[in-house]
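Commentary on secondary and tertiary structure
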Amino acid sequence: DPLWSRGLVDVYKRQIVVGVSHDIKGTVPIAFVIPVAGRHIDESDIKEHYFARAPAYSHPRQIIEVSEFPFGGTHKVDRRKLQTAAEKSYGAHAKQ
């Protein structure tokens, strides 16, 4: 994603965004990010990066740092597992 690559290359290796149901907005983006070895993701830095460069609807509502993505039997990222994890995490995050 070119938005993430500008200015954040030294912080993360890869990211995947999935949509999660939202009562008012319909769907909101949740980002899963694998950081560069030895680095940790600062959620506020990434959100600030998006606020400066992208429309409001595309800002991730939550950034989830992971060490790897789940893979399915076809050796592709299992987006359903990420979707389920995002729904659980965002539900807990939204209630805080």
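Residues numbered from 1 in each chain as written. Predicted model: local features only at pLDDT ≥ 70, side-chain atom pairs only at ≥ 80, totals over all residues. Heavy atoms only, no water.

**Topic: the overall build of the chain**
- Of regular secondary structure, the chain possesses three helices and three strands.
- Buried positions account for 34% of the 96 residues belonging to the chain.
- Partitioning the contacts of the chain with sequence separation of at least 6, the portion at a separation of at least 24 is 60%.
- Just so you have it, the chain exposes about 6200 Å², and 52% of that area is on carbon and sulfur atoms. (Helix = DSSP H or I, 4+ residues; strand = E, 2+ residues; numbered from the N terminus. Buried < 20%, exposed > 50% of the residue type's maximum accessible area, 1.4 Å probe, protein only. Contact = heavy atoms within 4.5 Å. Areas by Shrake-Rupley, 256 points an atom, 1.4 Å probe, with all protein chains shown as cover.)

**Observations concerning helix α2 (residues 43-53)**
- Taken residue by residue, α2 has Ile46, His49 and Tyr50 as its buried positions. Along the long axis of α2, the arc covered by the buried residues comes to 95°, so they all point the same way. Of the residues in α2, the exposed ones pointing more than 90 degrees away from the buried face are Glu48, Phe51 and Ala52. (Arc of directions from axis to C-beta.)

**Regarding the nonpolar core**
- Counting residues in each nonpolar core, the largest one holds 14 residues, and the members touching the most others are Val18, Ile30, Phe32, Phe69 and Leu82.
- For this core, the secondary-structure elements that each account for two or more residues are β1 (12-22), β2 (26-35) and α3 (79-94).
- Considering each element in turn, this core owes the most residues, four residues, to β2.
- When residues no more than four places from it in sequence are discounted, the contact partners of Phe32 are Arg14, Gln15, Ile16, Val18, Ile64, Val66, Phe69, Leu82, Ala85 and Ala86.
- By size, the runner-up hydrophobic cluster in this structure holds seven residues, among which are Val33, Ile41, Ile46 and Tyr50. (Core = buried A, V, L, I, M, F, W, Y, C linked by side-chain atoms within 4.5 Å.)

**Focus: the side chain of His59**
- Mapping His59 onto the fold places it in the loop between α2 and β3 (62-65).
- Residue classification places His59 among the buried positions, given a relative accessible area of 8%.
- A polar contact is formed between the side chain of His59 and the backbone oxygen of Ala54, at a distance of 3.1 Å.
- For His59, the side chain forms a polar contact with the main-chain oxygen of Pro55, separated by 3.4 Å. (Polar contact = N/O pair within 3.5 Å; in protein donor to acceptor, adjacent residues only side chain to side chain.)

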